[in-house]
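In case you want the letters, here they are:
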Amino acid sequence: MYLGTCATIWWEYLRQHKKVDWRKALLLAWWAPIAMSGVIELLQAHCTGGRRSGEWLDFAANSVGATLALFIGILAARFRARR
(Lines give C-alpha, C1' and ligand atoms only; values in the text may rest on other atoms or scores of the structure.)
Protein backbone atom coordinates (compact mmCIF):
# COMPACT_ATOMS: atom_id res chain seq x y z
CA MET A 1 0.00 0.00 0.00
CA TYR A 2 2.78 2.43 0.84
CA LEU A 3 4.50 1.71 -2.47
CA GLY A 4 1.37 2.79 -4.34
CA THR A 5 0.68 5.77 -2.12
CA CYS A 6 4.23 7.11 -2.19
CA ALA A 7 4.61 6.44 -5.92
CA THR A 8 1.50 8.56 -6.46
CA ILE A 9 2.99 11.34 -4.33
CA TRP A 10 6.19 11.21 -6.43
CA TRP A 11 4.20 11.19 -9.67
CA GLU A 12 2.22 14.26 -8.68
CA TYR A 13 5.29 16.08 -7.34
CA LEU A 14 7.23 15.49 -10.55
CA ARG A 15 4.23 16.46 -12.63
CA GLN A 16 3.77 19.77 -10.77
CA HIS A 17 7.43 20.84 -10.45
CA LYS A 18 9.98 21.33 -13.19
CA LYS A 19 12.93 21.30 -10.79
CA VAL A 20 13.06 18.82 -7.92
CA ASP A 21 13.74 20.20 -4.45
CA TRP A 22 15.18 16.95 -3.08
CA ARG A 23 15.03 18.01 0.54
CA LYS A 24 11.32 18.79 0.33
CA ALA A 25 10.56 15.76 -1.83
CA LEU A 26 12.33 13.37 0.53
CA LEU A 27 10.56 14.87 3.52
CA LEU A 28 7.06 14.71 2.02
CA ALA A 29 7.25 11.58 -0.12
CA TRP A 30 9.54 9.34 1.93
CA TRP A 31 10.11 10.39 5.53
CA ALA A 32 6.57 11.59 6.34
CA PRO A 33 4.85 8.33 5.23
CA ILE A 34 7.37 6.26 7.20
CA ALA A 35 6.84 8.44 10.29
CA MET A 36 3.05 8.18 9.86
CA SER A 37 3.36 4.39 9.65
CA GLY A 38 5.30 4.31 12.90
CA VAL A 39 2.75 6.52 14.64
CA ILE A 40 -0.10 4.31 13.42
CA GLU A 41 1.62 1.18 14.73
CA LEU A 42 2.27 2.83 18.11
CA LEU A 43 -1.36 3.96 18.34
CA GLN A 44 -2.55 0.45 17.51
CA ALA A 45 -0.35 -1.02 20.21
CA HIS A 46 -1.21 1.45 22.97
CA CYS A 47 -4.60 3.02 22.30
CA THR A 48 -6.92 0.18 21.24
CA GLY A 49 -7.37 -1.59 24.55
CA GLY A 50 -5.69 -4.76 23.36
CA ARG A 51 -7.96 -5.18 20.32
CA ARG A 52 -5.13 -4.46 17.90
CA SER A 53 -1.41 -4.90 18.12
CA GLY A 54 1.38 -2.78 16.72
CA GLU A 55 3.66 -4.94 14.61
CA TRP A 56 7.27 -4.14 13.78
CA LEU A 57 6.95 -6.20 10.59
CA ASP A 58 4.06 -4.00 9.42
CA PHE A 59 6.25 -0.96 10.01
CA ALA A 60 9.13 -2.61 8.14
CA ALA A 61 6.89 -3.54 5.21
CA ASN A 62 5.54 0.01 5.00
CA SER A 63 9.08 1.40 5.10
CA VAL A 64 10.19 -0.95 2.32
CA GLY A 65 7.23 0.17 0.19
CA ALA A 66 8.03 3.84 0.73
CA THR A 67 11.71 3.20 -0.05
CA LEU A 68 10.87 1.38 -3.29
CA ALA A 69 8.69 4.32 -4.28
CA LEU A 70 11.65 6.59 -3.48
CA PHE A 71 13.81 4.68 -5.95
CA ILE A 72 11.05 4.82 -8.56
CA GLY A 73 10.78 8.58 -8.00
CA ILE A 74 14.53 9.04 -8.39
CA LEU A 75 14.52 7.03 -11.61
CA ALA A 76 11.55 8.99 -12.94
CA ALA A 77 13.23 12.31 -12.12
CA ARG A 78 16.44 11.27 -13.88
CA PHE A 79 14.52 9.98 -16.90
CA ARG A 80 12.57 13.24 -17.11
CA ALA A 81 15.79 15.29 -16.82
CA ARG A 82 17.29 13.46 -19.80
CA ARG A 83 14.36 14.33 -22.04
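Worth saying up front: this structure is predicted, and the values here are computed from it rather than measured.

Caption draft 1: Up close: the packing of helix α2 (residues 22–46) against helix α3 (residues 56–82). Orientation of α2 relative to α3, taken along the N-to-C sense of each, is 165°, at an axis distance of 9 Å. In terms of orientation, α2 and α3 fall into the roughly antiparallel class. Here the hand of the crossing between α2 and α3 comes out right-handed. Two secondary-structure elements touch here, α2 through W22, L26, W30, I34, S37, G38 and E41 and α3 through D58, F59, N62, S63, A66, T67, L70, I74 and A77. Here the residues of the contact of α2 with α3 are counted per class, giving nine nonpolar, five polar and two charged.

Caption draft 2: Up close: the environment of G73. Structurally, the position occupied by G73 is in helix α3. Taking the C-alpha atoms as reference, G73 lies 16 Å from R83; in sequence the two are 10 residues apart. In contact with G73, not counting residues within four places along its chain, are W10 and L14.

Caption draft 3: How the structure looks around the side chain of S37. Within the secondary structure, S37 is located in helix α2. Side chain to side chain, S37 and N62 meet in a polar contact 2.7 Å long. Those residues in contact with S37, other than ones at most four positions away along the chain, are Y2, F59 and N62.

Caption draft 4: Quick look at the packing of aromatic side chains. Using the criterion set out here, one finds two aromatic pairs in the structure. Their ring planes at 45° and their centres at 5.9 Å tell us that W10 and W22 sit as a pair that is tilted. Pair noted here: W10 is in helix α1 (residues 2–16) and W22 is in helix α2, with a separation of 12 residues, a long-range link. Note on W10: relative accessible area 2%, which makes it buried. What makes W22 partly exposed here is its relative accessible area of 35%. Here W56 and F59 contribute two aromatic rings whose centre-to-centre distance is 6.1 Å and whose plane-to-plane angle is 85°, an arrangement assigned as edge-to-face. Remark: F59 and W56 occur in helix α3; sequence separation between them is three residues, near one turn of the helix. F59 gets classed as partly exposed once you look at its relative accessible area, which sits at 23%.

Rules used in this analysis
- Residues numbered from 1 in each chain as written.
- Predicted model: local features only at pLDDT ≥ 70, side-chain atom pairs only at ≥ 80, totals over all residues.
- Heavy atoms only, no water.
- Axes fitted to C-alpha atoms, helices over the stretch in contact; angles between N-to-C directions.
- Helix = DSSP H or I, 4+ residues; strand = E, 2+ residues; numbered from the N terminus.
- Parallel < 35°, antiparallel > 145°, perpendicular 65-115°, else oblique.
- Left-handed = near helix turned anticlockwise from the far one by under 90°.
- Contact = heavy atoms within 4.5 Å.
- Nonpolar A, V, L, I, M, F, W, Y, C, P; charged D, E, K, R; others polar.
- Polar contact = N/O pair within 3.5 Å; in protein donor to acceptor, adjacent residues only side chain to side chain.
- Phe/Tyr/Trp six-rings, centres within 6.5 Å; stacked < 30°, edge-to-face > 60°.
- Buried < 20%, exposed > 50% of the residue type's maximum accessible area, 1.4 Å probe, protein only.

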